[in-house]
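# Structural features, examined
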Amino acid sequence: MQLYGLHKVALEGPCLEPQPMALMVSARTKWNAWQRVGSTSREPAMEQYIQVLTENIPQWMHDHGCTTDVGIQRNKEISVAEQIRLGSEMSTTHTGDSSTS
């Protein structure tokens, strides 16, 4: 859920949404993850997202062809937001979580 919170802050900014009802367990869990990131600005959230993803799924960059010099250069040209999108795809693939947002 840490990745979810960082993803939301990176793309939408700090959570300003009202807290979902307790009976909405999934929505409440996601809201709590978003809230835990706090007032972190977008850029640090993006960097932290990539760091956490790399610590938990070290091969994610390799799986996207970013291991050669050309791949590394290509990776540098990919925006951080695109890396987060790619990372989200990897994290749902590895966790089996097919939920979005």
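This one's a predicted model, so the numbers in the text were calculated from it and none came from an experiment. (Residues numbered from 1 in each chain as written. Predicted model: local features only at pLDDT ≥ 70, side-chain atom pairs only at ≥ 80, totals over all residues. Heavy atoms only, no water.)

With that out of the way, let us pick up the packing of helix α1 (residues 2-12) against helix α2 (residues 25-37). Axis separation between α1 and α2 bottoms out at 7 Å; the angle between their running directions is 65 degrees. Between α1 and α2, the interaxial angle falls into the category roughly perpendicular. Crossing of α1 against α2: the hand is right-handed. Residues Tyr4, Gly5, Leu6, Lys8, Val9 and Glu12 of α1 form the contact with α2, whose own contacting residues are Lys30, Ala33, Trp34 and Val37. Classifying every residue of the contact of α1 with α2 by side-chain character gives six nonpolar, one polar and three charged. (Axes fitted to C-alpha atoms, helices over the stretch in contact; angles between N-to-C directions. Helix = DSSP H or I, 4+ residues; strand = E, 2+ residues; numbered from the N terminus. Parallel < 35°, antiparallel > 145°, perpendicular 65-115°, else oblique. Left-handed = near helix turned anticlockwise from the far one by under 90°. Contact = heavy atoms within 4.5 Å. Nonpolar A, V, L, I, M, F, W, Y, C, P; charged D, E, K, R; others polar.)

Here the focus is the nonpolar core. Nonpolar side chains tend to gather and get buried jointly when the protein is soluble and globular. Ranked by size, the top nonpolar core spans 17 residues in total, and within it Leu6, Tyr49 and Leu53 carry the most contacts. Those elements that place two or more of their residues in this core are α1, α2 and α3 (42-56). For this core, the element with the highest residue contribution is α3, accounting for six residues. (Core = buried A, V, L, I, M, F, W, Y, C linked by side-chain atoms within 4.5 Å. Buried < 20%, exposed > 50% of the residue type's maximum accessible area, 1.4 Å probe, protein only.)

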